[in-house]
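The primary structure of each chain is shown beneath.
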Amino acid sequence: MIDTLFSGLIHGGAYALVAVGVSLIFGVTNIVNFAQGSLVAVGMMLAWYTGSVLGWPIIPVVVAVIVVTALLGWLINAGIIAPLEGRKPIAALLATIGVGQILDNGLQIVFGARTRPFPKLLDTSNLQVAGVRFGTSDIVMVAVTVLAMLGLWAFLTYGKAGRAIRATAQDPQAAQQMGIPVKRIRNLAFVIGAVLSGIAGIFIGLFNGNINPMNGGTIGLTAFVAAAIGGLGSIPGAVVGGIVLGVVEAVGVFWFGDGAHDLITFGALIIILIARPQGLLGPKTDVKSEPMTGTFLAGARPIALPWWGNLALAAALLATPFLFSDYLAGIGTQVAIYAIAAVGLTLISGSAGQTILGLAGPVAFGAYASAILTTQLHWPFLAALLAAGVIAALFASILTFPSWKLSGHYVAIATIGLGAVMVALIRVAEPLTHGSLGITGIPFPTVFGATLNTQQKIYLLDVIVLLVALVIVMRIQKAHLGHVFDAIGSDQEASEAIGIRPGAYKALAYAVAAFLAGLAGSLLAHQYTYVDPTIFNSNMSLLILTIIVLGGMNSPIGAVLGSIILIGAPELLRVVPEARILAYGALLVLVIMFRPQGLFARKG
Amino acid sequence: MSIQSRTIHRFLKTFAAAATATALIAGTAACGLDGDDGTADAADADVVNIGVLYPKTGQYAEYGRLFEQGLELAKDEVNADGGLQGKQLGLVYYDTQSDPKQDASVAPKLAADASVIAVVGDYASPASAAASPTFQQAGLVHYGFNNSSPTFTETGDHVWSPAIGTDSYERAYADAAAKIGKKVSVVYIENDWGKQAYEYFKEQAAKNGTEIVYESSYLPDSTDLSPILIPARDAKPDLIVDIGYGPDGALIANTLRDKLGYEGPFFGGQETAEFLDLAGDNAEGAVITGSFSAEGTENPGAQAFVKAFKERYGNNPGNFEVTAYQAIKDLAYAANKTEPTREGIQKALQTVDDFPLYQGNDTTFSFDQETRRAPGINPILLVVKDGKFVPYEA
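Residues numbered from 1 in each chain as written. Chains lettered and ligands numbered in written order. Predicted model: local features only at pLDDT ≥ 70, side-chain atom pairs only at ≥ 80, totals over all residues. Heavy atoms only, no water.

The name that an unreviewed UniProt entry assigns to chain B is Extracellular ligand-binding receptor, with the source organism given as Bifidobacterium cuniculi. The UniProt entry for chain B carries the following comment under Sequence similarities (unreviewed entry): "Belongs to the leucine-binding protein family." (UniProt positions renumbered as here; feature names shortened; annotations may be inferred.)

Looking at an unreviewed UniProt entry, one finds chain A named Inner-membrane translocator and attributed to Bifidobacterium cuniculi. Database annotation for chain A, UniProt heading Subcellular location (unreviewed entry): "Cell membrane".

Quick look at the structure:
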């Protein structure tokens, strides 16, 4: 057991180092930087290239990493984040997601997808405690973490620039009036955060031994969980959070096996968020007052078509299955299924202003519910479809309910955890779901005795469900209920003051979204005739959110448009596969910068 | 009306026009809900194609690269030998990133392409399985040469796999393990393949009277496996077995040897340059199951393949390259035995009993018509010796 605790401590040290960077950026800019993990990967790959291919020793490697990541940090802030100044911070959050995707895929294009051994810049297994060996690298890593923590603390408390950073974080306008060059200070904070990430990349590379350009996503996410556990914004908290997470994971995995890894990591996050939302060392007051709710496009209105316009579009959509070739209909099914899930998301993320980064969870529940009901209990398809929606809504609502007392970024963080936990639960509930083996032989949809066995027939069904989803969501938006959602999204305090209970309404909006996500999951399962947990990954959640950002956060028709572009366009881009994987991230960044209200919405 | 909204209206108009135009163009291709008539003019073309679903980009791109080498070599050899009854063989590649969503999207395109007489791929089973129903409906053979999952061929009678079944692999593995000792610790990758493979391993181990003293799965993206390898080591096994792939196999070998000081025998890894590179000296002595050894094969067809491959690419082929190569050779053989059409391929798979084999020591194989798999191909054991995989004698 001592071995396990010790190895958990070392791993926790690695988490802590990245978490410090996450917390620093959040603390001084109020931005959750989702690109942090990708910057770690940049540092890691660069260290691999200079250390392994060019054969440089550690000092020049470190210098190269510092220079490149500093430059990147500056570029990201000056080019993308700074222009978003004055918008709701959620815009910056989404932009960093886009930046992260561009960096991850860019690294893959540059270095290839191969996993490589990291150069042994320092000894990694020359020392021993109990039955576990470790190395100079681990000692230096922990030392760097502690030094970074102390150094930052001293810098922020006593340094001139450090104090300016803090002043800027507290009140940018006041800071400006006091003569602080706010722009330059923000750049400085980003550069420091990026350099920390790059250096962390070197040590993570040494710790992991094997590295891959696509590692950034996982590294960022775990560091993020560590920072949230410790308390976002608190630098000692990040160190404590990293170590706690490392030890909890090690002990949990020791007991339950690594198959339960995700459940342990994200379970720990959710427990902390529910029990102590500000994290272990976070300041108590901050959470409630964070000005981060709201669609970042305050006042943006979806473009409303006249009734005949809607009707004509609906008729045109219904006609497509009769006109499309197999290929177009095949793409159409995917577009329609993602649109169904996205249309639901416009209610909770658009109107009610809660960023949901875990919608793959309810999609998975819907898919599995439908698969199990039809293959094991032999339910007819239509009944299973409806049940899939209801089950997804029910379970997702129950699991998510405690997070509605959170606000701002914490909702987004909690939903990341919940999405992962829901899929992990499916993996663990083996007798019912076959776990990782997946469910095969799911029948094609059968409607009133007719089996839908061509692309066009399945597409027609998807289109009909999509139209129903659109009608439901647009009716809700127009009704009193929709205005209540809007009120919560625009100003939660004000809506509370007039007697609205935000928590309950957010839960309701989310339940509708989860219901539609469940329908989408069911349609997916019956088209693929196969499901397993790997299908419902965080990319799926991210894609659905990106769809509505593109179309207009609170525009249901925009969601359809966004789905056509994001699911359909990559098919058109098949001729240039390398560019294809960069397109999502680039599109996300461009839309947020230049058309923040989305394609199918106008500014209020 | 503001400039903004006027732009939008203009955009909307363009969009509607584009949608109508697309629909009209598409309308010439199909009408009604019954789908395209795929095979109408296949007989007239000079080139017939095999569709390839594979990960050119994304997390599995390394395997896609290995596949492509084997596929291209086989295609060129087929064409140099006179093609398919005088017609040129072409490969149409679709990069799916081995992502089910993308497989489902491109499958109808392949099915509707009259020049395509069969489809090979994808790398991962969930991705392949998402495409199979479409090919089954279109009467197009789906030849999943890398899909060893026992349920893969269940979608229908046009879904075939020459991949050695997971069951035979794991039986051979468990038998080899039994010769080393009575007590084993096993870790396996947590996905559809790993789970199934471990079940077969456990079953055979029980038959052999091997005691499994520790077991745990691990997630493919876990970076620190000490918490499961410490108890695996402390259970005092005669042997530690990993059922997984290359990068994770290397992580386990490195953790066991470098961090946990384990010096006993280790089974695990993958027959790729990547694994050997990642595990370095720690790979030495690692035993895996495979179908093919470039160094040790005595099959003349395989020897010729190794020679040709080495000439073209400068390195020895591994299991991924040989299975991809063989898939094209098999389908070409099928087309030449009957006719280069969708029906011809299906008929050949059902009737021909001497498909060329480049793995193991036999030179031909045939399909079991019940399971549409190739039960006659036997796995072999490989061991890392001096940084290379060579045949292993237990």
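Take the overall build of chain A next. If you tally the helices and strands in chain A, you get 25 helices and ten strands. For 604 residues, the compact-globule formula gives about 25 Å, and the C-alpha radius of gyration of chain A, at 24 Å, lands near that figure. Along the first, second and third principal axes, the C-alpha set of chain A runs to 70 × 55 × 45 Å. Taking all 604 residues of chain A together, 64% fall into the buried category. Partitioning the contacts of chain A with sequence separation of at least 6, the portion at a separation of at least 24 is 79%. Of the roughly 21,400 Å² that chain A leaves accessible, carbon and sulfur atoms contribute 71%. If the 28 positive side-chain charges of chain A are averaged to one point and the 21 negative ones to another, these points end up 9 Å apart. (Helix = DSSP H or I, 4+ residues; strand = E, 2+ residues; numbered from the N terminus. Rg over C-alpha atoms; globule rule 2.2 N^0.38 Å. Buried < 20%, exposed > 50% of the residue type's maximum accessible area, 1.4 Å probe, protein only. Contact = heavy atoms within 4.5 Å. Areas by Shrake-Rupley, 256 points an atom, 1.4 Å probe, with all protein chains shown as cover. Lys, Arg positive; Asp, Glu negative; His and termini not counted. Charge placed at Lys NZ, Arg CZ, Asp CG, Glu CD.)

Residue and element names in this part refer to chain B. Under the definition given, this model contains 36 aromatic pairs over all chains. A centroid spacing of 4.4 Å and a plane angle of 10° characterise the contact between Tyr188 and Tyr198, whose relative ring orientation is stacked. One end of the pair, Tyr188, is in strand β6 (residues 183-189); the other, Tyr198, is in helix α6 (residues 192-208), and ten residues separate them in sequence. Each member of the pair, Tyr188 as well as Tyr198, is classed as buried. With centroids separated by 5.1 Å and ring planes inclined at 75°, the aromatic side chains of Tyr325 and Tyr358 adopt a geometry described as edge-to-face. With Tyr325 in helix α11 (residues 319-337) and Tyr358 in the loop between β11 (355-356) and β12 (364-365), this pair connects stretches of sequence that are 33 residues apart. Assessed through its relative accessible area of 3%, Tyr325 is described here as buried. Each member of the aromatic cluster is reached from another via a ring pair, and the members are Tyr60, Tyr63, Phe67, Tyr123, Phe145 and Phe320. (Phe/Tyr/Trp six-rings, centres within 6.5 Å; stacked < 30°, edge-to-face > 60°.)

Residue and element names in this part refer to chain A. Structurally, the position occupied by Ala189 is in helix α8 (residues 182-208). Taking the relative accessible area as the measure of exposure, Ala189 reaches 3% and is therefore buried. In sequence terms Ala189 and Ile416 are 227 residues apart; their C-alpha atoms lie 26 Å from each other. Excluding residues that lie within four positions of it along the chain, Ala189 makes contacts with Leu24, Ile25, Val28, Thr29 and Ile165.

As a further point, take the interface of chain B and chain A. Taken together, the contacts link 80 residues of chain B with 75 residues of chain A. Buried area between chain B and chain A, both sides added, is near 6,500 Å², and the carbon and sulfur share of it is 59%. The largest contributions to the chain B side of the interface with chain A come from Leu33, Lys101 and Lys259 of chain B, which together make up 11% of the buried area. If you look at where chain B meets chain A, you find three salt bridges. Taking the shortest distance from any N to any O, the salt bridge between Glu430 of chain A and Lys195 of chain B comes out at 2.6 Å. At the surface where chain B touches chain A, the tally comes to 18 residue pairs in polar contact (both at pLDDT 80 or more). Considered class by class, the residues forming the side of chain B that touches chain A number 34 nonpolar, 24 polar and 22 charged. (Buried area = accessible area lost by both parts, 1.4 Å probe. Salt bridge = Lys/Arg side-chain N within 4 Å of Asp/Glu carboxyl O. Polar contact = N/O pair within 3.5 Å; in protein donor to acceptor, adjacent residues only side chain to side chain. Nonpolar A, V, L, I, M, F, W, Y, C, P; charged D, E, K, R; others polar.)

Turning next to the sheet that holds strand β4 (residues 141-143) of chain B. Residues and elements named next belong to chain B. The strand order across the open sheet built from five strands is β2-β1-β3-β4-β5, with neighbouring strands paired in parallel fashion. Bordering the open sheet on either side are β2 (88-95) and β5 (159-160), each of which pairs with just one other strand. Contacts from helix α4 (residues 125-138) reach β1 (47-54), β3 (116-121), β4 and β5 within the one sheet, and its direction differs from that of β4 by about 155°. (Pairing = 2+ DSSP bridges. Axes fitted to C-alpha atoms, helices over the stretch in contact; angles between N-to-C directions.)

What follows deals with α4 of chain B. Residues and elements named next belong to chain B. With 14 residues, α4 should reach 20 Å at 1.5 Å per residue; the first-to-last C-alpha distance of 20 Å fits that figure. Of all the bends in α4, the greatest, near 30°, is centred on Ser132, and the proline Pro133 appears no more than four residues after it. Taking burial as the measure, the 14 residues of α4 include twelve buried ones, the bulk of the element. The complete set of buried residues in α4 reads Ser125, Pro126, Ala127, Ser128, Ala129, Ala130, Ala131, Ser132, Pro133, Thr134, Phe135 and Gln136. Just past α4, the residue Gly139 takes up positive phi, approximately 65°. (Expected span 1.5 Å × (residues − 1). Bend = angle between axes of the 7 residues up to and from the residue.)

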